[in-house]
Every structure is written in structure tokens, then in C-alpha cells.
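Next come the chains, spelled out residue by residue.
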Amino acid sequence: MNNARLIKNAVYLGSEGRESLVDLSVPTEFNGKTILFLHGFMGYKDWGCWNLVENFFVSRGFAFCKYNVSHNGGTVTNGIDFPDPEAFSMNSYRKEKEDLEAVIQWLEEHFPEGKLLYLIGHSRGGATALLGSAHPKVSKTVTWAGISSIANRFPKGDVLEQWKKEGVRYVHNGRTKQNLPNSYFQ
């Protein structure tokens, strides 16, 4: 990949001032369009094929930015293994939307020539992309396997009542074998 500029694992200030990681790749022959990629639940910017997706778009002239949401359980020293389950437990759609706005601001400061901004959100990141699509800097929004409903992502009946009562429920991460806490917010 022929980059005019590559920023890897830079730090941005996300929701509640929490530090998280952001990458930016700008091709030598930039077409004027920047893709901002949003990962899904229990995801992170360097998961699976996201670096290949980045290479694909950069090789076609797009600048490509991807970032970790601030409360995904990663840290600036370890962005992939969820070493901070407390931060994971406090994540919310509101925080993810605030992170998106913070990364858009980061892009404006670090890459002002990227005027046309396209969002691509995967899974839960698709919901965040849709929530942030009204931002005046966003030109287009795409979801890849985006969730169909925020409400449908929540448990129902006795499971929901138990979550409310206990204040936390646990979700299993098959990759790290962790049971990660989800706090209940009202």
C-alpha cells in the first residue's frame, strides 16, 4: 500500500475524556473522500479483516480512518484484548456517538483536507453510524451487517428484570474467553 501519510495507534480523547486509539491512512493519490470505519460490539479497529478493508479502500484512493470506541474494554497500551472490563461495562450508544463526534473532530485537526466523509459501520457500529449520520461533516453512511434494532439487542422478560435488579450481566467473549460485564443504565 502506497501511503502519503500513515498514522497508527494515535490517541484521541473520547467520551468522558477517556483515551483510545485511532488510525489514519491517506494514499499518495487521494481522491478527496475519507472513510471513517466503526467496529461492532466486542470489536476493535484491528479485528479480523479490518486492516484488509483499509488496504482495499486506500488502494482505490480513499483515506481510511478506524478507531476503537473509548469504552470497548481496550486501553491505549492494549487495544485488542479487553484488559479493562470496567470500561467495557460502562459502554453505551451515547458514549459511542460521542466517540464518533470526537474522532470527526480529531480528523478535522489532523487531516483537514479530507472534506467528504463517509461512515461505514459494522454490526453495532452500524447503529452508531446511523446515530451519527446527521453530523454536518458526514456525506454518506453505510452499514455492514448493522443491527436492525437497538431495542431488540436487549434481553426481555426475566433476564431483563434480573439485569435491572443486579445492575450487571455478563457476556462471553469467545476469543478472549472472558465474561465481560455489562452495567444496566436507567
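The rules behind the values
Residues numbered from 1 in each chain as written. Predicted model: local features only at pLDDT ≥ 70, side-chain atom pairs only at ≥ 80, totals over all residues. Heavy atoms only, no water. Salt bridge = Lys/Arg side-chain N within 4 Å of Asp/Glu carboxyl O. Buried < 20%, exposed > 50% of the residue type's maximum accessible area, 1.4 Å probe, protein only. Helix = DSSP H or I, 4+ residues; strand = E, 2+ residues; numbered from the N terminus. Contact = heavy atoms within 4.5 Å. Expected span 1.5 Å × (residues − 1). Pairing = 2+ DSSP bridges. Axes fitted to C-alpha atoms, helices over the stretch in contact; angles between N-to-C directions. 1 Å grid on protein atoms, 1.4 Å probe; cavity = no way out; pocket = protein on both sides within 12 Å on 5 of 7 lines; lining within 4 Å. Points joined across faces, edges and corners; volume = space filled by probe spheres on them. Right-handed = clockwise from strand over helix to strand, strands pointing away.

**Focus on the pattern of salt bridges**
The final tally for this structure, using the stated rule, is 17 salt bridges. The closest approach of N and O atoms between Asp-46 and Lys-45, which form a salt bridge, is 2.7 Å. Asp-46 sits in the partly exposed class, given a relative accessible area of 22%. Of the residues examined, Lys-45 reaches a relative accessible area of 1% and is grouped as buried.

**Focus on the side chain of Thr-128**
Take Thr-128: it is sitting in helix H4 (residues 124-132). Once you skip the residues sitting within four places of it in the chain, Thr-128 turns out to touch Leu-38, Tyr-93, Glu-96, Lys-97 and Leu-100.

**Concerning helix H3 (residues 93-110)**
Residues separated by three or four positions in an α-helix point in the same direction, a consequence of the helix having 3.6 residues per turn. Under the 1.5 Å per step criterion, the end-to-end length of H3 is 25 Å for 18 residues, consistent within 8% with the ideal 26 Å. By the burial criterion, the buried members of H3 are Tyr-93, Lys-95, Glu-96, Asp-99, Leu-100, Ala-102, Val-103, Ile-104, Trp-106 and Leu-107.

**What to know about the sheet that holds strand S4 (residues 63-67)**
Across the sheet, which stays open at both edges, the six strands sit in the order S1-S2-S4-S3-S5-S6 with mixed pairing between neighbours. Of all strands in the sheet, those with a lone pairing partner are strand S1 (3-13) and strand S6 (138-144), marking the two edges. In this sheet, adjacent strand axes meet at a mean angle of 15 degrees when their direction is disregarded. Pairing analysis gives six bridges linking strand S3 (residues 33-38) to strand S5 (residues 116-122), with the strands arranged parallel. Within S5, the position partnered with Lys-33 by the bridge is Leu-116. Strands in contact with helix H1 (residues 50-58) are S1, strand S2 (19-27), S3, S4, S5 and S6; relative to S4, the strand with the most contacts, it is inclined by about 160 degrees. Packing against the sheet, H3 makes contact with S1, S2, S3, S4, S5 and S6, and its axis sits at approximately 135 degrees to S1.

**Quick word on the layout of surface pockets**
Estimates place the volume of the largest pocket at around 410 Å³. Forming the walls of the largest pocket are 17 residues, and the residues nearest its centre are Asn-91, Tyr-93, Arg-124, Phe-154 and Trp-163. Contributions of two or more residues to the lining of the largest pocket are made by helix H2 (85-89), H3 and strand S8 (178-183). Considering each element in turn, the lining of the largest pocket owes the most residues, three residues, to H3.

**Focus on the pairing of S5**
With respect to burial, S5 is a largely interior element, five of its seven residues being buried. Both S5 and S6 contribute to a ladder of six bridges, which runs parallel. Bridge pairing links Tyr-118 to Lys-140 in S6. In this fold, S5 hands off to H4, which returns the chain to S6; that crossover is right-handed.

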